[in-house]
Amino acid sequence: MTTGAPTPLARRRSRARTLAPLGIAAWLVLEIWLLTLVAGQAGGLAVVALLLGTGVLGAAVIKRAGRRAFTTLTETLQRQQAAAAGAGAAGSPAAGRGSESNGLLMLGGLLLMLPGLASDAVGLLLLVPPLRTALGGYVERSLDRRMRAAAPGSFGDAFQQARIHRPDGKVVPGEVVREDTPAEPRPDEGPRPPLTP
């Protein structure tokens, strides 16, 4: 039995980690309640048709957003290769503007694919372009504010270091120089004996 130093205090759980399971349980209860309510009014077959229809719509939305993201990536890579080859100036900054909300569009499609009426309503709201743009701006500002407030040496600081957009003295340009002369053999090297098990 030790009577020395006090035990270190356990780390306090964040509020989000404490409330997340409760929020998920409440969301599931809401989904089940809405499904039974609609099934009582319109019938079970109508609910199944509604869930299948929103699932197909969600898959189509995700497919379209994925194609847009791939097209934007391909165009960006082609512009960068053309600029590196000196074939011309890079494209205008507004060229990739249509792909800003692909992440929220895919999230909306995923919510449509999930079985449930509340998730379908949120997914349909994310398909509205003005709402998606406003929500995307809010999320970007919120993440930027959190990254700036992160303490040095934290995950946010590492993320900022990885997100450098322009050289500002942190990258040292250099060149690798190889000498083509073979290394001198060591004097104690000779034929090696074969390996035996």
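Calculation criteria
- Residues numbered from 1 in each chain as written.
- Predicted model: local features only at pLDDT ≥ 70, side-chain atom pairs only at ≥ 80, totals over all residues.
- Heavy atoms only, no water.
- Helix = DSSP H or I, 4+ residues; strand = E, 2+ residues; numbered from the N terminus.
- Buried < 20%, exposed > 50% of the residue type's maximum accessible area, 1.4 Å probe, protein only.
- Areas by Shrake-Rupley, 256 points an atom, 1.4 Å probe, with all protein chains shown as cover.
- Expected span 1.5 Å × (residues − 1).
- Bend = angle between axes of the 7 residues up to and from the residue.
- Contact = heavy atoms within 4.5 Å.
- pLDDT = per-residue confidence, 0-100.
- Patch = residues over 30% accessible without salt bridge, like charges linked within 9 Å, V, L, I, M, F, W, Y side chains within 5 Å.
- Salt bridge = Lys/Arg side-chain N within 4 Å of Asp/Glu carboxyl O.
- Axes fitted to C-alpha atoms, helices over the stretch in contact; angles between N-to-C directions.
- Parallel < 35°, antiparallel > 145°, perpendicular 65-115°, else oblique.
- Nonpolar A, V, L, I, M, F, W, Y, C, P; charged D, E, K, R; others polar.

J.: With reference to specific residues and values, describe the overall build of the chain.
T.: Secondary structure summary: the chain contains six helices and zero strands in total. In the chain, the order of α-helices and β-strands from amino to carboxyl end is α-α-α-α-α-α. In the chain, which comprises 197 residues, the proportion classed as buried is 14%. Of the roughly 16400 Å² of accessible surface on the chain, a fraction of 65% belongs to carbon and sulfur atoms.

J.: Lay out helix H1 (residues 15-42) in plain terms, naming residues and giving numbers.
T.: Since the α-helix turns once every 3.6 residues, residues separated by three or four places project in the same direction. If you check H1, its first and last C-alpha atoms are 40 Å apart, about what 28 residues at 1.5 Å a residue would give, namely 40 Å. When the local axis directions of H1 are compared, the greatest deviation, roughly 25°, occurs at Pro-21. Count one or two residues on from H1 and you reach Gly-43, which has phi positive near 105°.

J.: Would you mind going over helix H4 (residues 117-126) in detail, with residue names and values included?
T.: All of the buried residues along H4 are Leu-117, Ala-118, Ser-119, Asp-120, Gly-123 and Leu-126. Where the residues of H4 are buried, they touch H1, helix H2 (44-84), helix H3 (102-113) and helix H5 (129-149).

J.: Please give an account of the confidence of the model for the chain that cites residues and values.
T.: Summing up the model confidence of the chain, the mean pLDDT is 77 and the portion of residues at 70 or higher is 66%. Ranking the elements of the chain by mean pLDDT puts helix H6 (residues 155-162) last with 55 and H4 first with 91. Confidence drops under a pLDDT of 50 for residues 88-97, and excluding neighbours within four residues, the segment shows seven contacts in the predicted structure.

J.: Break down a nonpolar patch on the surface for me, citing the residues and quoting the values.
T.: Taken together, the side chains of Ile-24, Trp-27, Leu-28, Leu-30, Trp-33, Leu-37 and Val-122 make up a nonpolar region of the molecular surface, amounting to roughly 660 Å² of accessible area. Top contributing element to the nonpolar patch by residue count: H1, with six residues. Structurally, Trp-33 can be placed in helix H1.

J.: An account of the packing of H1 against H2 is requested, with residue identities and associated values reported.
T.: Where H1 contacts H2, the two axes come as close as 7 Å, and the packing angle between them is 125°. Between H1 and H2, the interaxial angle falls into the category oblique. Of the residues in H2, those touching H1 at Leu-35, Val-38, Ala-39 and Ala-42 are Gly-44, Ala-46, Val-47 and Leu-51. The class makeup of the residues in the contact of H1 with H2 is seven nonpolar, one polar and no charged.

J.: Talk me through the packing of H1 against H4; I want residue IDs and the actual numbers.
T.: Where H1 contacts H4, the two axes come as close as 7 Å, and the packing angle between them is 100°. Regarding the angle of H1 to H4, the classification is roughly perpendicular. Note on element contacts: H4 touches H1 through Leu-117, Ala-118, Ser-119 and Val-122, opposite Trp-27, Leu-30, Glu-31, Leu-34, Leu-35 and Val-38. Residues that form the contact of H1 with H4 fall into these classes: eight nonpolar, one polar and one charged.

J.: Could you give me a rundown of the environment of Gly-55, with the residues and numbers involved?
T.: Structurally, Gly-55 is set in helix H2. Classification of Gly-55 by relative accessible area gives buried; the value is 17%. In sequence terms Gly-55 and Asp-120 are 65 residues apart; their C-alpha atoms lie 9.0 Å from each other. Setting aside chain neighbours within four positions, we find Gly-55 in contact with Leu-112 and Met-113.

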